[in-house]
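# An overview of the molecular structure
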Amino acid sequence: MQRFPSCLQRQSNEFMSTGPDNAGSQAADGKAAFLDHLEQRLAAIEENWGTLRGGRWDPERLLALYARIRELGNAAGNFGLGQLGEALFSAEVYLSSFVESAAQPSLRQEEEIDGLVRGVHAAAADLAPTATDLALKPAQAQVIYLFGSRTGPWPQLIAALEAQPCETCNFARPRDLLGALAERLPQAIVADASQLDQLAPLTAELVRLHSQLAIQIPLVFISASTDLQVRVEAMRAGGTAYFVAPFDAAAVADQILRLADPKQYEPYRVMVVEDDPTQMEFAAAILRRAGMVVMGVTEPLRVMDSLEDFRPDLILMDIYMPDINGMELTSIIRDHNEFVVTPIVFLSGEQNADKQLDALTVGGDDFIAKPIRPKHLLDVVKHRIMRSRNLQRVTHLDRKQDRVTGLFSRRHFLDRVATALESGSAHKAPGAVLYLLPDQADRVSAQQGLGAADTLLAVLGERVRAVLEPQDLACRMDDHGIAVLAHRASSEGLQALAERLRATIADPPFDLGGAAVQVTASIGLCPIDATSDDAAGLAARAERACHQVHEAGGNDAQWFKAEPAAPAKPAQGDPIAELLRDALAHDGLVLHYQPLLDLQARGTESYELLLRLPLPNGDLLGERDLRGPGATAGLLRDMDRWLAGRALQLLKERREAGRESNLFIRQSIATATGPEHAGWLAQQLRACHMVGTGLVLDYRLSDLSSDLKAVAHNLAALRELGADVCISHFPEKPAAFKVLRFLKAGYIAVAPRLLKADQATIASVVRQAHELQAKVIVANIDDPRSVDLHWSSGADFLQGNFIQRPLDHMDYDFYQIVV
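Let me sum up the structure you'll find in this document. Owing to the predicted nature of the structure, the values given are computational and were not obtained by experimental measurement.

Reading the values: the criteria
Residues numbered from 1 in each chain as written. Predicted model: local features only at pLDDT ≥ 70, side-chain atom pairs only at ≥ 80, totals over all residues. Heavy atoms only, no water. Helix = DSSP H or I, 4+ residues; strand = E, 2+ residues; numbered from the N terminus. Contact = heavy atoms within 4.5 Å. Areas by Shrake-Rupley, 256 points an atom, 1.4 Å probe, with all protein chains shown as cover. Axes fitted to C-alpha atoms, helices over the stretch in contact; angles between N-to-C directions. Parallel < 35°, antiparallel > 145°, perpendicular 65-115°, else oblique. Left-handed = near helix turned anticlockwise from the far one by under 90°. Nonpolar A, V, L, I, M, F, W, Y, C, P; charged D, E, K, R; others polar. Pairing = 2+ DSSP bridges. Right-handed = clockwise from strand over helix to strand, strands pointing away. Phe/Tyr/Trp six-rings, centres within 6.5 Å; stacked < 30°, edge-to-face > 60°. Buried < 20%, exposed > 50% of the residue type's maximum accessible area, 1.4 Å probe, protein only. Lys NZ or Arg CZ within 6 Å of the ring centre and 35° of its normal. Core = buried A, V, L, I, M, F, W, Y, C linked by side-chain atoms within 4.5 Å. Salt bridge = Lys/Arg side-chain N within 4 Å of Asp/Glu carboxyl O. Arc of directions from axis to C-beta.

Scanning the protein chain for helices and strands turns up 30 helices and 27 strands. Summarising the internal contacts of the protein chain: among those between residues at least 6 apart in sequence, 68% fall at separations of at least 24. Total accessible area on the protein chain stands at roughly 38,300 Å², and carbon and sulfur atoms take up 52% of it.

At a minimum axis separation of 11 Å, helix 12 (residues 303-310) and helix 13 (residues 326-334) run at an interaxial angle of 45°. Classified by the interaxial angle, the pair formed by helix 12 and helix 13 is oblique. Handedness of the crossing formed by helix 12 with helix 13: right-handed. Contact residues: helix 12 offers Val303, Met304 and Leu307, while helix 13 offers Leu329, Ile332 and Ile333. Of the residues assigned to the contact of helix 12 with helix 13, the class counts are six nonpolar, no polar and no charged.

The pairing of strand 6 (residues 269-273) with strand 7 (residues 293-297) spans five bridges and is parallel. Of the residues in strand 7, the one forming a bridge with Val270 is Val294. In terms of handedness, the path from strand 6 via helix 11 (residues 277-289) over to strand 7 forms a crossover that is right-handed.

We now examine the packing of aromatic side chains. For the coordinates displayed, the defined rule picks out seven aromatic pairs. Plain terms: the ring middles of Phe730 and Phe737 are 5.1 Å apart, the flat faces sit at 75° to each other, and that makes the pair edge-to-face. Here the two residues Phe730 and Phe737 agree in accessibility, since each one is buried. Taken together, the ring pairs in this structure connect Tyr94, Phe98 and Phe282 into an aromatic cluster. For Arg269, the ring lying beneath its charged end belongs to Phe310, and the centroid distance is 4.3 Å.

Here the focus is the sheet that holds strand 13 (residues 482-487). Read from one edge to the other, the open sheet built from five strands follows the order 12-13-11-16-17, with strand pairing classed as mixed. The sheet is open, and its two edges are formed by strand 12 (473-476) and strand 17 (556-559), each paired on a single side. Within this sheet the neighbouring strands show an average axis-to-axis angle of 20°, counted without direction. Bridging between strand 16 (residues 521-528) and strand 17 involves four bridges; their strand directions are parallel. What sits directly across from Gly524, in strand 17, is Gln558.

Attention shifts here to the nonpolar core. Formed by 73 residues in total, the largest nonpolar core has its most connected members in Leu609 and Leu613. Sorting elements by how many residues they give to this core places helix 23 (residues 636-656) first, with nine residues. Residues within four places of Leu613 in sequence aside, it is in contact with Ile576, Leu579, Leu580, Ala583, Leu589, Asp619, Leu620, Leu621 and Leu626. Formed by 53 residues, the second largest nonpolar core is a distinct cluster that contains Ala87, Ala124, Met292 and Val345.

Counted under the stated rule, the structure contains 20 salt bridges. Between Arg488 and Asp472 there is a salt bridge, with its nearest N and O atoms 2.8 Å apart. With Arg488 in the loop between strand 13 and helix 19 (491-506) and Asp472 in the loop between helix 18 (450-467) and strand 12, this residue pair connects regions lying 16 residues apart in the sequence. Per residue, the accessibility class of Arg488 equals that of Asp472, and both read buried. Measuring nitrogen to oxygen at the nearest pair gives 2.8 Å for the salt bridge that ties Arg502 to Glu499. Highlighted residues: Arg502 and Glu499, both in helix 19, separated by three residues, approximately one helical turn. Of the residues examined, Glu499 reaches a relative accessible area of 28% and is grouped as partly exposed. Connected via shared salt-bridge partners are Arg70, Glu92 and Arg289.

Moving on: helix 21 (residues 575-585). Of the residues making up helix 21, those classed as buried are Ile576, Ala577, Leu580, Ala583 and Leu584. The buried residues of helix 21 occupy an angular sector of 125° when projected down its axis, which confines them to one face. Those residues of helix 21 that are buried are in contact with strand 20 (605-614), strand 21 (620-622), helix 22 (623-632) and helix 23.

Where helix 6 (residues 154-162) meets helix 10 (residues 249-260), the closest approach of the two axes is 8 Å, and the angle between their N-to-C directions is 55°. Judged by the inter-axis angle, helix 6 sits oblique to helix 10. As for how helix 6 packs across helix 10, the hand of that crossing is right-handed. Counting all contacts with helix 6, which are made through Gln156, Leu157, Ala160 and Leu161, the residues of helix 10 involved are Ala249, Ala250, Val252, Ala253, Ile256 and Leu257. Per-class residue counts for the contact of helix 6 with helix 10 are nine nonpolar, one polar and no charged.

Spatial ordering of the open sheet is given by 7-6-8-9-10, a layout of five strands whose pairing is parallel. On the outer flanks of this sheet lie strand 7 and strand 10 (366-369), each paired with one strand and no other. Ignoring strand direction, the axes of neighbouring strands in this sheet form an average angle of 20°. Here four bridges tie strand 6 to strand 8 (residues 314-318), and the two strands are oriented parallel to one another. Bridge pairing in strand 8 places Met271 opposite Ile315.

Turning next to unusual backbone geometry. Residue Pro508 is reached from Asp507 by a cis peptide bond, and omega for that bond is 5°. Among the structural elements, Pro508 can be located in the loop between helix 19 and strand 14 (510-512). One non-glycine residue, Asn555, lies in the positive phi region at around 55°. Within the element layout of this structure, Asn555 appears in the loop between helix 20 (535-551) and strand 17. Among the residues examined, Asn555 registers a relative accessible area of 32% and is labelled partly exposed. One non-glycine residue, Lys744, adopts positive backbone phi at about 55°. One can find Lys744 in the loop between helix 28 (734-743) and strand 25 (747-750). The class of Lys744 is exposed, set by a relative accessible area of 55%.

Laid out in structure tokens, this is it:
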């Protein structure tokens, strides 16, 4: 008798302990009886459908047909008849929408049901029962079969696997492994790639289990060779994953366990965008039955709001929809950096190969033709999400994670907060930024060192994640602080979230290097409302509220309370001007960067630099609010030079990194008419050793008109230094083009009111500007409908919050833009 490892022997003894009529015999007898009566049950289904379709429509008869198909499908699944179960499930799901709505199918829909019923009959005809077709199911305990040596990386890998909640069983001969499969199915098989030539019987059995019993067991290969041919042969043998030693055994073990039992990990999240509710529910039901979390969207224009809340792993997108088609919607989705790598799979009855290719070139990843086959749909979705998650885990593109806490990075968090601000008015639920600070962080660092402080923050991150909902977002903001972006049904719900976070952090104590430490948290909250206009400022206000709690003793939560606003013109001078003066003297100003989308040269990097002044309450005051106090205090020239100096330094750094850029900076009339500015700029360029700067000085047309002769002389000197000029707030008036011809500016930014002008007016402005060798910038784009209008008019650049809100960094990916 074949001997098995101890882990299998226990299972075998349990299996045989039921006596002569053991579980396997009972399953086999039940399956045989099912197959004996299958033909009659299928005939009854066909007869019921024929009667229903040929006579007067009867919802009660439809309900009876639906129940019969559902019962038969459940039985087929229980007996491991994968193909038959799939065919019955397809029919069940399609009929369910008519059962629920009591609606009569159209002629086309009746033909679809006809095809599904024929598919059930064809699946039954293909059944070829064999003696080994038992109702095998994977064991409840996690078991990994190993086929390989005990040398090289294997001991470390086995130890890493056994450190997890699973058993490992090692086999030296393929026939022993095949015999074990007859007794107990593992969750995964790990094999030595050097013994591929012995694995043909095993791979054949795995194919049989998948095709006939709908059981898929991942086959993972371990290799000491980087030879491409070996890898190809492993793939052809059915390999799910391939790891080359030396590797991190713990990391590889974790990936094997993810393949073995993905249900233990975060379920797949799929958004189905389909304007036909019946088709949407059909696809959604298939995915839900496979354990996925599904959101259906039948109004395509509302997809962007739903994406922000749902955060899918994959989007299933119908191509032909009213108002906006799937290709247009995909282009818009790809414009948002956070969804650039989210897989998008198109659904359509389109059979034209060229049109399918067009759909993929706009940013789609795959194409599934209708009518949808459940097995095909599930295979595509699972493999696309699995590949996406693996890539994201390796490259950190999705999570952009902090390595200590596993939470998002500060930069990604602020990008998401900015997006929430942009869509705040459309968001149905109140939102807030929460800032958490462990009250004991400084003491732990001082007493136990930085290692214990990192451990504290890592455990804190785990406890925060345990409380949050899927749409929430958490990040590590600094050395000790964690921030959360959340929406709830009410402000009371946000307060309740803060209290739950506080309670979860406090109990039980943290284990820091073997010592139990009681940890409490101070939490500050700042609402996202109509007065919020800056992501960093919003986070700063939440942090300020948190520090107020901490200074009062900690272990509490409170909302940010704005300090009383200072009078606009106090008797003893303008406080904004004084803060501005101090910031200029001590380099305390902050820059934000808003990208300009180049419609003519894909991938070029152009930003406008936006001045920000940090206020004592944590807010950032924008440049528009600084110019007035700055002019009154005589600080405009200093502001211009500070901004120009920082721009030159950034251009130098980016040039040294091999990244040519154009930086647009707002300048005042003081630098346009003052002859000394060109000399100052020349001195700065010599200090930076730069020529041909990429610097673009932006002046308002109304400012320049005060002294055109002086302005023309100074701008000519600036152009000789390699700087260019942009004239902003440019109208369609003939006088404006006379000024442009006289000053020879390289760019114009059209007046905001032209955003609402008709196509002919815009095209005329663009044409006249191009005749004068000036490029045209359309700024303040907040409406997606404006994009097509100005793109088709021939504009050179688009800029605005719809394209991208201002960022606190210059890492925007211009190559991912699709218009």
